[in-house]
Amino acid sequence: MTVFSTTATVSQGLPLHGQKADPAKTLKSAQSFESMAINQMLQPMFATAEESDSMFSGGAGEKQFRPMLVEQIAKQMENNGGIGLTDAIDRQMLAMQEQK
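Residues numbered from 1 in each chain as written. Predicted model: local features only at pLDDT ≥ 70, side-chain atom pairs only at ≥ 80, totals over all residues. Heavy atoms only, no water.

1. Structural notes on the overall build of the protein chain
Scanning the protein chain for helices and strands turns up 4 helices and 0 strands. Element order for the protein chain, N to C, with α for helix and β for strand: α-α-α-α. Per-residue burial for the protein chain yields a buried fraction of 18% across its 100 residues. For the protein chain, contacts bridging at least 24 residues in sequence account for 90% of all contacts bridging at least 6. Of the roughly 7,900 Å² of accessible surface on the protein chain, a fraction of 59% belongs to carbon and sulfur atoms. (Helix = DSSP H or I, 4+ residues; strand = E, 2+ residues; numbered from the N terminus. Buried < 20%, exposed > 50% of the residue type's maximum accessible area, 1.4 Å probe, protein only. Contact = heavy atoms within 4.5 Å. Areas by Shrake-Rupley, 256 points an atom, 1.4 Å probe, with all protein chains shown as cover.)

Spelled out as structure tokens, the structure:
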């Protein structure tokens with residue numbers, strides 16, 4: 001069993017106390033969050049895809065790799081404009097970091 005330090009996760013989202021906010025890191029985090037949100041919205045759509053065992057189906061391999069396919073689709077959607085969450089999340093994270 002591995003024990004992880006919780007200091008990194010506890011300090012996220014809290015004021016930086018003397019450190020400067022890094023807009024590039026914040027924007028990247030906001031983009032990652034939007035990509036994850038899109039991924040979660042797409043999962044049910046792909047879960048209902050026809051899973052027949054016909055000659056042209058992907059079989060067990062398709063079932064295993066489908067979550068990775070959905071993740072890459074979500075990343076591409078976010079890279080091409082997404083659903084508009086990135087800007088709002090980025091502004092809110094920067095505002096939270098600037099609090100004293």
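2. Quick word on the pattern of salt bridges
On inspection of all chains with the given rule, the structure shows 2 salt bridges. Between Glu62 and Arg66 there is a salt bridge, with the nearest N and O atoms lying 3.1 Å from each other. Of this pair, Glu62 and Arg66 both sit in helix 3 (residues 59-79), 4 residues apart, roughly one helical turn. The class of Glu62 is partly exposed, set by a relative accessible area of 35%. The class for Arg66 is buried, based on a relative accessible area of 11%. Between Glu71 and Lys75 there is a salt bridge, with the nearest N and O atoms lying 3.5 Å from each other. Taken as a pair, Glu71 and Lys75 lie in helix 3 at a separation of 4 residues, close to a single helical turn. According to the relative accessible area criterion, Glu71 is partly exposed, its value standing at 31%. (Salt bridge = Lys/Arg side-chain N within 4 Å of Asp/Glu carboxyl O.)

3. Things to note about a nonpolar patch on the surface
Taken together, the side chains of Met41, Ile83 and Leu85 define a hydrophobic patch exposed on the protein surface, amounting to about 260 Å² of accessible area. When you line up the elements, Leu85 lands in helix 4 (residues 85-98). Here Leu85 falls in the partly exposed class, since its relative accessible area comes to 30%. (Patch = residues over 30% accessible without salt bridge, like charges linked within 9 Å, V, L, I, M, F, W, Y side chains within 5 Å.)

By themselves, these are just geometric observations and shouldn't be taken as functional.
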